[in-house]
Amino acid sequence: MTLATPALHTARLRLRPFATADADHLYALHSSAHVMRYWDSPPWTDRARADRFIAVCRRVADEGTGARVAIDRASDGAFVGWCGLTGWNPDYRSASLGYCLDAPMWGHGYATEAAHALLQWAFDTLDLNRVQAETDTRNVASARVLEKIGFLREGTLREDCVVNGEVSDSWVFGLLRREWQPSAAPPPGGETRR
């Protein structure tokens, strides 16, 4: 089953399917050691990874297992990053949320705004009951993004990642349909970091 990748708009952002032209922006984003310091994989060193990422986004949509969208700032079209729901399971009515924003875009509330819009689409379109997200326990700013949109911290995965030889823990967050507040869209701004 194919799942059409949505095109969504918020007060300040445009969420859209990835285009081949996004590869340079993706490579710049994912090759940054600063941006990727809390990820479960090291920064990219091969530009071809960006093309493969876009191909995977299309495959995820074709397989009907989720949707990843590019995020642009509406005012000037600047590439902000991406947000996605993957691992959609229609039987369990569940999926996983992820996002990655370029460092200059941190602190403006863009992650919260984009994730809220994608979740609204997902709850309406995919009939989700549960969305899960994980973040490195050192990434307090990302944990705050999740909490702002209604996620509850459910536990800790101890030493679940080893990146560049460094062992780290992850927090697991969950959001249930009955806890989702679509009308409580976060106001623009307010984040201090990604």
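Presented here is an overview of the structure given in this document.

What counts and how
Residues numbered from 1 in each chain as written. Predicted model: local features only at pLDDT ≥ 70, side-chain atom pairs only at ≥ 80, totals over all residues. Heavy atoms only, no water. Helix = DSSP H or I, 4+ residues; strand = E, 2+ residues; numbered from the N terminus. Rg over C-alpha atoms; globule rule 2.2 N^0.38 Å. Buried < 20%, exposed > 50% of the residue type's maximum accessible area, 1.4 Å probe, protein only. Contact = heavy atoms within 4.5 Å. Disulfide = S-S within 2.5 Å. Expected span 1.5 Å × (residues − 1). Phe/Tyr/Trp six-rings, centres within 6.5 Å; stacked < 30°, edge-to-face > 60°. Lys NZ or Arg CZ within 6 Å of the ring centre and 35° of its normal. Core = buried A, V, L, I, M, F, W, Y, C linked by side-chain atoms within 4.5 Å. Pairing = 2+ DSSP bridges. Axes fitted to C-alpha atoms, helices over the stretch in contact; angles between N-to-C directions.

What follows deals with the overall build of the protein chain. Helix and strand content of the protein chain: four helices and eight strands. Secondary structure elements in the protein chain, listed N-terminal to C-terminal, are β-β-α-α-β-β-β-α-β-α-β-β. The globule rule puts the C-alpha radius of gyration for 194 residues at 16 Å, and the 16 Å found for the protein chain is close to it. C-alpha atoms of the protein chain, sized along the principal axes, occupy 40 × 35 × 35 Å.

This part is about the environment of Phe18. Looking at the element boundaries, Phe18 is found in the loop between β2 (13-16) and α1 (23-30). Using a relative accessible area of 9% as the deciding quantity, one classes Phe18 as buried. Separated by 39 residues in the primary sequence, Phe18 and Cys57 have C-alpha atoms spaced 7.5 Å apart. Not counting chain neighbours up to four residues away, the residues in contact with Phe18 comprise Leu26, Phe53, Ile54, Cys57, Arg58, Arg68, Val69, Ala70, Phe79 and Trp82.

Turning our attention to the state of the cysteines. A full pass over the atoms with the stated rule returns zero disulfides. In this model Cys83 remains outside any disulfide bridge; the closest cysteine sulfur is found in Cys100, 11 Å from its own. Taking the relative accessible area as the measure of exposure, Cys83 reaches 0% and is therefore buried.

Our focus in this paragraph is helix α3 (residues 110-125). Over its 16 residues, α3 extends 22 Å from the first C-alpha to the last, a length consistent with the 22 Å expected when each residue adds 1.5 Å. Counting buried residues in α3 gives 13 out of 16 residues, a clear majority hidden from the surface. Looking one or two residues beyond α3, the residue adopting positive phi is Asp127, at roughly 55°.

According to the stated counting rule, one finds five aromatic pairs in the structure shown. On the basis of an interplanar angle of 55° and a centroid distance of 6.1 Å, the ring pair of Trp39 and Trp82 is categorised as tilted. One end of the pair, Trp39, is in the loop between α1 and α2 (48-63); the other, Trp82, is in strand β4 (residues 79-89), and 43 residues separate them in sequence. Judged by its relative accessible area of 22%, Trp39 is partly exposed. On the accessibility criterion, Trp82 (5% relative accessible area) is buried. Here a set of aromatic residues connected by ring pairs shows up, and it is made of Phe18, Trp39, Trp44, Phe53 and Trp82. Over the ring of Trp82 we find Arg68; its NZ or CZ atom is 5.4 Å from the centre of that ring. A cation over an aromatic ring shows up here: Arg153 above the ring of Trp171, its NZ or CZ 4.1 Å from the ring centre.

What follows deals with the nonpolar core. Counting residues in each nonpolar core, the largest one holds 55 residues, and the members touching the most others are Leu15, Phe18, Leu26, Leu97, Leu118, Leu119 and Phe151. The leading source of residues in this core is α3, at ten residues. In contact with Leu118, not counting residues within four places along its chain, are Pro6, Leu8, Leu15, Ala67, Val69, Cys83, Gly84, Leu85 and Leu97.

A sheet is described by the order of its strands in space; here eight strands give the open sequence β1-β2-β3-β4-β5-β6-β8-β7, paired in mixed fashion. If you trace the sheet from one side to the other, it starts and ends with β1 (8-9) and β7 (152-163), each paired once. Here β4 pairs with strand β5 (residues 94-101) via seven bridges, running antiparallel. In the sheet register, Asn89 faces β5, and the bridge partner there is Ser94. α3 rests against β1, β2, β3 (67-73), β4, β5, β6 (130-136) and β8 (166-176) of the sheet, and its axis sits at about 35° to β4.

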